[in-house]
Amino acid sequence: MSDQQSTQSIFSQLGAFGHKKVVFCSDPDTNLKAIIAIHDTTLGPAFGSTRMWSYKTEGDALNDVLRLAKSMTYKCAIAGLNMGGGYSVIMGDSRRDKTEAMMRKFGRFIKNFNGEFITSEDVGTNPRDMEYIRMETEHVTGIPESIGGSGDPSPVAAQGVLMGIKACVKEQFGTDTLAGRSVIVQGVGHVGEHLVRLLRDENVKVYVSDIQEERVGQIAKKYGAERVSNNSIFDIDADIYAPCALGGTVNTETINKLKCSIIAGSANNQLLDEAEHGTVLLDKGILFAPDYVINAGGIINCYSELMHFSKKRTMQLTENIYEVTRNILKLSKLENISTIDAANKIAEKRISDIKKVKSSY
Ligand code: NAD
């Protein structure tokens, strides 16, 4: 591919997603290769986590960060937060390549945004990394509680996912009691583990899978869950599939295999193709809880840190995910549109309403 072609393809991607700004961060001294994407700042500064992942290609990293940044715009809008959407990705293996110097250098890149971008942890990063970023810039949340932050947002994210699951169970089964239901949790990392714990406490039959063999064994033992291999998760006859790893796991191939009637998990961008797969799920009667709606607990926790909200208020906002999800399901039914389209409609309306408020005086 020529330089001109690759530049055009990057700009066409930005145009397609409607992003405002994308910054490529390179620092050979610390081996940092990162991309920071700002999607929309109508509601406030762009809020977005930092993911560290071994992307196969730079194109994969760019695609991921653009999709994630856009979904943050919608997530903040629908959760009622006064924040815009952004995201950042660092290319590399977090267990092998991450160093204090790399994270601090990354913090300096964030500092250059002068508050237009604020980050927190995600896959491959943790509160300690946020502490390193904090040494270079104040525009970071999710720093350890011991130094005044709100700590790891994943327990709150899991609580929000549980609320989303309950809202969907109410819709499909007429009750939001989870006892006796069965859930497949794919990916038992930070959020996945907390979700497994919450589901166990509700007397749910839980199946767990993860690409880390040792981890999945530990979680299964700790919470009395049943371990299943990654290849066989779609063969399990469970009520709910909860994707808690990476995105794109809901696609033509997996939808054809799925036996569950609800998809509700923490992973961002679960639908490989939002329009196509959202509609296929609607037609098949499989209820999809829009990911950015039900996984908003993490960002609510970070927002609360910025706004100095109490823990009680943070949990109230997170528990409200039940009502927000119920409203989306109602709109989907009323207008016979996919749940993701219904969620997008509500989020876009809030952004456009607030844009008008801000442009008036
Ligand atoms: P994590 O890195 O702690 O956990 C992810 C887990 O998924 C790991 O154990 C990993 O081995 C596993 N995994 C990766 N690919 C897999 C695959 N193909 N099959 C099965 N398992 C696989 O990440 P996390 O913080 O728990 O986040 C999980 C998802 O939830 C991500 O998509 C993230 O963006 C989203 N999310 C996280 C938060 C949060 O507060 N951490 C908040 C909102 C959304």
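My aim in this report is to walk through the structure given alongside it, one point at a time. (Residues numbered from 1 in each chain as written. Predicted model: local features only at pLDDT ≥ 70, side-chain atom pairs only at ≥ 80, totals over all residues. Heavy atoms only, no water.)

## Notes on the site of the ligand
The local shell around the ligand holds 23 residues, among which D122, H190, D210, A245 and N268 are the closest. In the environment of the ligand, an oxygen atom lies 2.9 Å from a nitrogen or oxygen atom belonging to the side chain of S266. Within the complex, 88% of the 830 Å² of free accessible area of the ligand lies under protein. Secondary-structure elements contributing two or more residues to the shell around the ligand are α6 (154-173) and α7 (190-201). The class makeup of the residues in the shell around the ligand is nine nonpolar, eleven polar and three charged. (Near = heavy atom within 4 Å. Polar contact = N/O pair within 3.5 Å; in protein donor to acceptor, adjacent residues only side chain to side chain. Areas by Shrake-Rupley, 256 points an atom, 1.4 Å probe, with all protein chains shown as cover. Helix = DSSP H or I, 4+ residues; strand = E, 2+ residues; numbered from the N terminus. Nonpolar A, V, L, I, M, F, W, Y, C, P; charged D, E, K, R; others polar.)

## Quick look at the layout of surface pockets
Looking at the second largest pocket, its volume works out to about 420 Å³. Around the second largest pocket, the lining is made up of 23 residues, and of these G149, S150, N301, S304 and E305 lie nearest the centre. Contributions of two or more residues to the lining of the second largest pocket are made by α6, α12 (297-307) and α13 (311-319). The class makeup of the residues in the lining of the second largest pocket is seven nonpolar, ten polar and six charged. When residues are assigned to domains, the lining of the second largest pocket turns out to be shared by domain 1 (19-67 + 84-147) and domain 2 (154-349), each giving three or more. (1 Å grid on protein atoms, 1.4 Å probe; cavity = no way out; pocket = protein on both sides within 12 Å on 5 of 7 lines; lining within 4 Å. Points joined across faces, edges and corners; volume = space filled by probe spheres on them. Domains from an automatic or database assignment.)

## A word on the pairing of strand β5 (residues 84-91)
Within β5, eight of the eight residues are buried, which leaves the element mostly enclosed by the surrounding structure. Where burial is concerned, the two faces of β5 agree: the one with G84, G86, S88 and I90 and the one with G85, Y87, V89 and M91 are both buried. Bridge count for strand β2 (residues 32-40) against β5 is six bridges, and the pairing is antiparallel. Pairing of A34 across the sheet is with I90, part of β5. As judged from the two bridges shared by strand β3 (residues 46-47) and β5, these two strands associate in the parallel manner. By the bridge assignment for β5, F47 is matched with G85. Here strand β4 (residues 50-53) runs beside β5; their pairing, made up of four bridges, is parallel. Its bridge partner being in β5, M52 is matched across the sheet by I90. What joins β4 to β5 is helix α2 (residues 58-78), and the crossover it makes is right-handed. (Buried < 20%, exposed > 50% of the residue type's maximum accessible area, 1.4 Å probe, protein only. Pairing = 2+ DSSP bridges. Right-handed = clockwise from strand over helix to strand, strands pointing away.)

## Structural notes on the side chain of K166
Relative to the elements of secondary structure, K166 occurs in helix α6. With relative accessibility at 17%, the residue K166 sits in the buried group. Here K166 is in contact with D176, L178, E202 and Y322, once residues within four sequence places are set aside. (Contact = heavy atoms within 4.5 Å.)

## Some details on the sheet that holds strand β11 (residues 262-263)
In sheet architecture, strand pairing relies on hydrogen bonds along the backbone and comes in two forms, parallel and antiparallel. Reading across from one edge, β9-β8-β7-β10-β11-β12 is the order of the six strands in this open sheet, with parallel pairing throughout. One side of each edge strand has no neighbouring strand; the edge strands of this open sheet are β9 (226-227) and β12 (287-288). The sheet contact formed by strand β7 (residues 182-186) and strand β8 (residues 205-209) spans five bridges and is parallel. Note on β8: the bridge partner recorded for Q186 is S209.

## Here's the deal with the packing of aromatic side chains
Counted according to the given criterion, the structure contains four aromatic pairs. Pairing F113 with F117 gives two aromatic rings, centres 6.0 Å apart and planes at 55 degrees, and the pair type is tilted. One exposure class covers both F113 and F117, and it is buried. For the ring pair Y303 and F309, a centre distance of 5.9 Å and an interplane angle of 75 degrees mean the geometry is edge-to-face. The cationic tip of R181 hangs over the ring face of F173; the distance from NZ or CZ to the ring centre is 3.7 Å. (Phe/Tyr/Trp six-rings, centres within 6.5 Å; stacked < 30°, edge-to-face > 60°. Lys NZ or Arg CZ within 6 Å of the ring centre and 35° of its normal.)

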